Each structure stands twice: as structure tokens, then as C-alpha cells.
Amino acid sequence: MQILVILFFIMFTVFLFWAFVYITSMGDGRRLRNFAQEMGLELIPGTFPSRTEVRGNYSGFPFLLFIERKFLGSDSLNIYLTVPSEENLTFNIFTKTRPVRIMCQMPYKPVNTGHITFNKSFLVESNNPEIIEKILTEDVCRDISTHPWKGHISLKNDRLHFNMVYNMLEDLSDNTENLIKISNIMVKIACNISGKEREIL
């Protein structure tokens, strides 16, 4: 009898987990639909273990957005743009919320961008510090500094990446404007990296 109770408990727990994951996956699709429509991108709904994605070409760059769901740990919002860069350029832009942990992650020396307000809140490191000033222009630094979402921006292997811890209780459908703004910031950075003339964003 005790074994049956344990088996029932295990099966019930697994059922609740799959139900939660399924509902969450469906919710991601609803949350990101407005964003995809506004951006002219394709929404690809997914149910666990596949994820819901927004894909397409935005301002001339291959674009990918998805929410990474973790059973243990924090969920995260991810945006990727494929950007051709010269000399295998790599850089990271960190917030200064956890400076000790950040410094342990940085393989290169910090770069001073010359933008005082930006430097107060962010740390930048790169394998090519000289080119950072051309990439992090005045308007890009201003946009990053004033955007309400503070995430990690990086470039590696020609992939520009925005990553931010995502609160699963936060309704992204109410944040379509912020999603568009952070995507446009990424496009500005991508244009500066590639040398492509950017549109007015």
C-alpha cells in the first residue's frame, strides 16, 4: 500500500510539472505575439522541451529571441543578432551590480568608454579596446544607460547577445515597447560593429 502511495505521489508530481511547463510555454507564445507582429518577425510557438522563439531578419541582421526556462535557477530573456566582425572581435558589457563576481568573469582588462554616466553603471572589456569607442557611441551609451532592463551584452564568434534574468511573473505583453527598444539598441551596436549604415531607430 505504501509503495502505491509513493508511486501515486511521484506520478502526480510529474503531472503537475508537465502541466506547469505546458502552460508556461503557451504563455510565452501569447506574451511574444505582439512583439513579433510589431517587428515584422515570425513567432514560432513551442511546447516543452522545445522553446517559443521569435525569428527573422531585422534591419538586415538575422534575429533570434527566446525565453530560456530552467526547472532549477532563474529564467532568462535572450536576444541574438548575427553580426560579421573583423579580427574576431570579442567584448562584454556588464552591469556593476555584482562587481566582485563580474571581475572574476572578465578575461580582459576593463575599458574606459569615455562616457561618465555609462561608466558609473557598466563595466566593459574587450580583446580590442581601440574599437570599443567606435562601437559604444554617445547615443548607444545613453540608450543602454536609460533603458529599464539592465542585462549582459556580449559579442563572441560574430554573435551579439543580450541576456537578462527574467521574472516569470512579469507579463511581456505589457513590455512590448521595452522589447522593441532593447532590440533597437542591439541593432545600433550591430551596425557600429559591421560598419553598416543604420536606419533611424
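This section reports on the structure supplied with the text.

What counts and how
- Residues numbered from 1 in each chain as written.
- Predicted model: local features only at pLDDT ≥ 70, side-chain atom pairs only at ≥ 80, totals over all residues.
- Heavy atoms only, no water.
- Buried < 20%, exposed > 50% of the residue type's maximum accessible area, 1.4 Å probe, protein only.
- Helix = DSSP H or I, 4+ residues; strand = E, 2+ residues; numbered from the N terminus.
- Contact = heavy atoms within 4.5 Å.
- Core = buried A, V, L, I, M, F, W, Y, C linked by side-chain atoms within 4.5 Å.
- Phe/Tyr/Trp six-rings, centres within 6.5 Å; stacked < 30°, edge-to-face > 60°.
- Salt bridge = Lys/Arg side-chain N within 4 Å of Asp/Glu carboxyl O.

**A short note on helix α5 (residues 138–146)**
Listed as buried for α5 are Asp 139, Val 140, Cys 141, Asp 143 and Ile 144. Next to the buried residues of α5 lie β5 (91–95), α3 (116–121), β6 (122–126), α4 (129–135), β7 (152–156) and α6 (176–194).

**Quick word on the nonpolar core**
One finds Phe 63, Leu 81, Phe 91, Leu 160 and Ile 189 to be the most contacted residues of the largest nonpolar core, which totals 45 residues. The residues touching Leu 81, leaving out its near neighbours within four places in the chain, are Phe 61, Pro 62, Phe 63, Asp 158, Arg 159, Leu 160, Met 186, Val 187 and Ala 190.

**Some words on the packing of aromatic side chains**
If you walk through the whole model with that rule in mind, you get four aromatic pairs. Seen from their ring centres, Phe 35 and Phe 63 are 6.2 Å apart, and the 40° between their planes marks the pair as tilted. You can see Phe 35 sitting in helix α1 (residues 2–39) and its partner Phe 63 sitting in strand β3 (residues 61–68), a full 28 residues away along the chain. Grouping residues by exposure puts Phe 35 and Phe 63 together as buried. Taking the centre distance of 4.9 Å and the plane angle of 20° together, the rings of Phe 118 and Phe 122 count as stacked. Phe 122 shares its class with Phe 118; the two are buried.

**Here's the deal with the environment of Pro 62**
Examined against the element boundaries, Pro 62 turns out to sit in strand β3. Exposure remark for Pro 62: the relative accessible area of 40% places this residue in the partly exposed category. Taking the C-alpha atoms as reference, Pro 62 lies 8.1 Å from Val 83; in sequence the two are 21 residues apart. With sequence-adjacent residues up to four places away left out, Pro 62 is seen in contact with Gly 56, Asn 57, Tyr 80, Leu 81 and Thr 82.

**Overview of the pattern of salt bridges**
For the structure shown, the criterion picks out four salt bridges. For the salt bridge of Lys 188 with Asp 143, the shortest nitrogen-to-oxygen distance reads 2.5 Å. Residue Lys 188 is found in helix α6, and its partner Asp 143 is found in helix α5; the two are separated by 45 residues along the sequence. For Asp 143, a relative accessible area of 17% gives the class buried. Glu 177 serves as the salt-bridge partner of Lys 181, at 3.3 Å between the closest nitrogen and oxygen. Taken together, the residues span about one helical turn, with Lys 181 and Glu 177 both in helix α6 at a distance of four residues. Through salt bridges with shared partners, one network takes in Asp 139, Asp 143 and Lys 188.

**A short note on the side chain of Asn 128**
Inspection of the secondary structure puts Asn 128 in the loop between β6 and α4. Residue contacts for Asn 128: discarding those within four places in its chain leaves Glu 87 and Leu 89.

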